[in-house]
Amino acid sequence: MTATKGASLTLIGETFDCAFGAFVPRLTVLSSKELRVQATIGATKIDEMVQSDLTAIRPGVFIMSWTEQSGNFVVQVQDHENKVVHNYARLADGQIFCAQGAIQPVPAV
């Protein structure tokens, strides 16, 4: 399997929600190295720009990783063709958060 950095450009400028039940973070791909993460967890609201690593595995399938200001480290396998996201995170407090959810594109306004 060959990863292709050029194909990752197809996500730049895209915004989508990752629906993990009640937890639905919104991601906006600003570049192949920068991501906007928006989420609400209980009373906590997150809206931050983070450094990210984005690699295309094949058309429509990507691996994306980033570290949030809180220290949470997140890795996602995103299958945009089938609208499925697999999330693997080591939270700042040491807990692991693994989930599978739905990718929901957000139309441009």
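Residues numbered from 1 in each chain as written. Predicted model: local features only at pLDDT ≥ 70, side-chain atom pairs only at ≥ 80, totals over all residues. Heavy atoms only, no water.

A.B. asks: Break down the overall build of the protein chain for me, citing the residues and quoting the values.
C.D. replies: When you go through the protein chain residue by residue, the secondary structure sums to zero helices and eight strands. The helix and strand sequence of the protein chain, counted from the amino end, reads β-β-β-β-β-β-β-β. Expected size for 109 residues packed as a compact globule is a radius of gyration near 13 Å; at 13 Å, the protein chain falls within 12% of this value. For the C-alpha atoms alone, the extent of the protein chain along its principal axes is close to 35 × 30 × 25 Å. Looking at the protein chain as a whole, 37% of its 109 residues are labelled buried. Of the contacts made within the protein chain by residues no fewer than 6 positions apart, 27% connect residues no fewer than 24 positions apart. Element-wise, carbon and sulfur atoms account for 57% of the exposed surface of the protein chain, whose accessible area totals about 6200 Å². (Helix = DSSP H or I, 4+ residues; strand = E, 2+ residues; numbered from the N terminus. Rg over C-alpha atoms; globule rule 2.2 N^0.38 Å. Buried < 20%, exposed > 50% of the residue type's maximum accessible area, 1.4 Å probe, protein only. Contact = heavy atoms within 4.5 Å. Areas by Shrake-Rupley, 256 points an atom, 1.4 Å probe, with all protein chains shown as cover.)

A.B. asks: Mind laying out the UniProt feature "domain: MoaF-like" (unreviewed entry) in the protein chain, listing which residues take part and the relevant values?
C.D. replies: In the numbering used here, UniProt assigns the "domain: MoaF-like" (unreviewed entry) feature to residues 12–103. Helix and strand shares over residues 12–103 are 0% and 68% respectively, and the end C-alpha atoms of the span are 16 Å apart. (UniProt positions renumbered as here; feature names shortened; annotations may be inferred.)

A.B. asks: Explain the sheet that holds strand β3 (residues 34–41) residue by residue, including any values.
C.D. replies: Spatially, the eight strands close up into a barrel ordered β1-β2-β3-β4-β5-β6-β7-β8, and their pairing is antiparallel. Adjacent strand axes in the sheet meet at a mean angle of 30° when their direction is disregarded. Sheet analysis places strand β5 (residues 61–67) next to strand β6 (residues 73–79), joined by seven bridges and oriented antiparallel. Residue Val 61 lies in a different strand from β6, and its bridge partner there is Asp 79. (Pairing = 2+ DSSP bridges. Axes fitted to C-alpha atoms, helices over the stretch in contact; angles between N-to-C directions.)

A.B. asks: Please provide a residue-by-residue account of the environment of Ala 19, values included.
C.D. replies: Relative to the assigned elements, Ala 19 resides in strand β1 (residues 15–19). Not counting residues up to four positions away in its chain, the partners in contact with Ala 19 are Val 24, Gly 101, Ala 102 and Gln 104.

A.B. asks: Explain the packing of aromatic side chains to me, and be specific about the residues and the numbers.
C.D. replies: Within this structure, the stated rule accounts for three aromatic pairs. Residues Phe 20 and Phe 23 carry aromatic rings whose centres are separated by 6.3 Å and whose planes lie at 20° to one another, so their mutual orientation is stacked. Note on Phe 23: relative accessible area 24%, which makes it partly exposed. With 6.1 Å between their ring centres and 90° between their planes, Phe 20 and Phe 97 make a pair best called edge-to-face. Of this pair, Phe 20 sits in the loop between β1 and β2 (26–31) while Phe 97 sits in strand β8 (residues 96–105), placing them 77 residues apart in sequence. (Phe/Tyr/Trp six-rings, centres within 6.5 Å; stacked < 30°, edge-to-face > 60°.)

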